[in-house]
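This is what each chain is made of:
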Amino acid sequence: MAQLTAAPVGKRLDADRREGRRKIDWARQHMPILDALRERFETEQPLAGERIGMAMHVEAKTAALVELLAAGGAEVAITGCNPLSTHDDVSLALDAVDGVTSYAARGVDDEAYYDAMEAVLEHEPTITVDDGGDLVFSIHEDYPELLDGIVGGTEETTTGVHRLRAMADDDALEYPVIAVNDTPMKRLFDNVHGTGESALSSIAMTTNLSWAGKTVVVAGFGYCGKGVARKAAGQNAHVVVAEVDPRRALEAHMEGYEVQPMAEAAREGDVFITTTGNRDIIVEEHFELMQDGTILANAGHFNVEIDIDALSDMAAEVDDPREGIRAYELSDGRRLNVLASGRLVNLASPVSMGHPVEVMDQSFGIQAVCIRDLVTEGGYATDVHDVPDDLDREVAEVKLDAEGIAIDDLTDEQREYMDSWQHGT
Ligand SMILES: NC(=O)c1ccc[n+]([C@@H]2O[C@H](COP(=O)([O-])OP(=O)(O)OC[C@H]3O[C@@H](n4cnc5c(N)ncnc54)[C@H](O)[C@@H]3O)[C@@H](O)[C@H]2O)c1
């Protein structure tokens, strides 16, 4: 008899859950910071009695953070922060963990996406953990009755921090939030190396094309753009940078990249990667100029950087030549290929796995100590706060320790010299 490949739904779910568990376990084996913090959290139970609501990319590394928070005594409810970045097997495995409820599912429409967000809020969180700010905004706009019970929140990414600072400037923010994104242990590694490595590897795996000899146009030379440009140059691509900030444009020039306005770069690029956190970076006038076969990908938080609606309107035909690639054929026969529907390519492409594990160990180490601090230290005023420097250092020290790297200590004389204004020639 032929081998049956179909399995009952329940069995399939079990198999998916086991696969999700394997992914989480693999990530955990490479996350020494979270491992060290887990030991402390398990003993000290700093989050006992807290309910944590999370909207993040639900994949294996995030799951390791969720498990750490649950081990610290919290009840955690989580959903995705992007409809295409959830790994369903990881979501299933997480939901099976004591104290954790996961509502995240991949590929849901807008209604189901916001239903899941609502379901998280029904747990009446005392702490919110966001990547892009959706939970904070939903609470302020639709669930103001929850505000009184909230101790504080954390925000993972640049775009979320921008939105929160705008809220604070308008006096619209009603509880303290720590800007995890802005601290050195996050931004200098996650945004630069994480986005650089994972955006390039996701594009390469989605297209199966080489970087060597290609002209890669990077829009935005901020933290993410620097990482993308550096890694693309490292793969022997010719890199062109498009910027609006004169200092960052100059920085790109001094680092050896060609700098051009998008309207010029549009003619030359083989691959375009947007990393601005802004909207309308690649629009109709640019599509008009692009070469046949151009690849378009976004690594900024929202899917507003490449104007897909305009491209759709311009297209005579649309088809999907490979999973994760939509080709728009224009009336003159040129085909422009958009990856991952213009959403974060390193998380939303079907083959993408997000940032490397080690990078997220650092980012989520910062998340964990900030969440702990909101509860145990208290006293944060309603505002957007930088990560306290001692917490950033704590995570850096744990990481150095795990890597077996020793560094020098300042002597008392050096400390006194650095702090003094009297020493001179
Ligand atoms: N893909 C990921 O995994 C990942 C990781 C971290 C951050 N992000 C997101 O990436 C985006 C960028 O983050 P960042 O930390 O690099 O921010 P950043 O502020 O350091 O850099 C953004 C850069 O884009 C430039 N810019 C703005 N408008 C532009 C325009 N019209 N044309 C050209 N350049 C323009 C800015 O001048 C700035 O230099 C944000 O949306 C952030 O949330 C994504």
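What counts as what
Residues numbered from 1 in each chain as written. Predicted model: local features only at pLDDT ≥ 70, side-chain atom pairs only at ≥ 80, totals over all residues. Near = placed C-beta within 6 Å. Helix = DSSP H or I, 4+ residues; strand = E, 2+ residues; numbered from the N terminus. Nonpolar A, V, L, I, M, F, W, Y, C, P; charged D, E, K, R; others polar. Domains from an automatic or database assignment. Expected span 1.5 Å × (residues − 1). Buried ≥ 20, exposed ≤ 12 C-beta atoms within 10 Å, placed from the backbone. Contact = placed C-beta atoms within 7 Å. Pairing = 2+ DSSP bridges. Axes fitted to C-alpha atoms, helices over the stretch in contact; angles between N-to-C directions. Right-handed = clockwise from strand over helix to strand, strands pointing away. Parallel < 35°, antiparallel > 145°, perpendicular 65-115°, else oblique. Left-handed = near helix turned anticlockwise from the far one by under 90°.

Before going further, it helps to examine the site of the ligand. For the ligand, the set of nearby residues contains 28 residues, the closest of which are Gly220, Gly222, Cys224, Gly277 and His301. Of all the secondary structure elements, the ones that give two or more residues to the shell around the ligand are helix H7 (158-169), helix H8 (184-207) and helix H9 (223-234). Split by residue class, the shell around the ligand holds nine nonpolar, 15 polar and four charged. When residues of the shell around the ligand are sorted by domain, at least three fall in each of domain 1 (11-186 + 355-403) and domain 2 (193-348).

Attention now goes to helix H3 (residues 60-71). Given 3.6 residues to a turn, an α-helix orients residues that are three or four positions apart in the same direction. Helix length check: H3 (twelve residues) gives 16 Å between terminal C-alpha atoms against 16 Å at 1.5 Å per residue, within 8%. Turning to H3, its buried residues are Ala60, Lys61, Thr62, Ala63, Ala64, Leu65, Val66, Glu67, Leu68, Leu69 and Ala71.

Before going further, it helps to spend a moment on the environment of alanine 299. Structurally, alanine 299 can be placed in the loop between strand E11 (295-298) and helix H13 (308-314). For the pair alanine 299 and glutamate 156, spaced 143 residues apart in sequence, the C-alpha separation works out to 15 Å. When sequence neighbours within four positions are dropped, the list of residues in contact with alanine 299 reads Thr195, Ala199, Cys224, Val228, Ile273, Thr274, Thr275, Leu344, Val345 and Asn346.

Size of an interface, as often reported, equals the accessible area lost when the parts are brought together. Taken as a whole, the protein is organised into domain 1 (11-186 + 355-403) and domain 2 (193-348). Across the boundary between the two partners, domain 1 contributes twelve residues, which contact 13 residues of domain 2. Looking at the side of domain 1 that touches domain 2 element by element, the count peaks at three residues for H7. Along the lines of polarity and charge, the residues of the side of domain 1 that touches domain 2 split into three nonpolar, nine polar and no charged.

Across a sheet, strands are paired by hydrogen bonds formed along the backbone, either parallel or antiparallel in direction. Taken together, the eight strands give an open sheet; going across it, the order is E9-E8-E7-E10-E11-E14-E13-E12, and neighbouring strands pair in mixed fashion. With one partner strand each, in any of the chains shown, strand E9 (258-259) and strand E12 (315-322) form the two edges of the open sheet. Lying over the sheet, H8 contacts strand E10 (271-274), E11, E12, strand E13 (325-330) and strand E14 (335-339), oriented at roughly 140° with respect to E11.

A few words on the pairing of strand E5 (residues 152-155). Here E5 shows two buried faces, one formed by Gly152 and Thr154 and the other by Gly153 and Glu155. Here strand E4 (residues 127-130) pairs with E5 via four bridges, running parallel. Within E5, the residue paired with valine 129 across the bridge is threonine 154. For the crossover from E4 across helix H6 (residues 134-142) to E5, the handedness is right-handed. Handedness of the crossover joining E5 and strand E6 (residues 177-179) through H7 is recorded here as right-handed.

The next subject is the packing of H3 against helix H4 (residues 88-95). Taken N-terminus to C-terminus, the directions of H3 and H4 make an angle of 15°; their axes are 10 Å apart at the nearest point. Accordingly, the angle class assigned to the pair H3 and H4 is roughly parallel. Here H3 and H4 pass one another in a crossing that is right-handed. Residues Ala60, Ala63 and Val66 of H3 pack against Val90, Ala93 and Leu94 of H4. Class assignment of the residues belonging to the contact of H3 with H4 gives a composition of six nonpolar, no polar and no charged.

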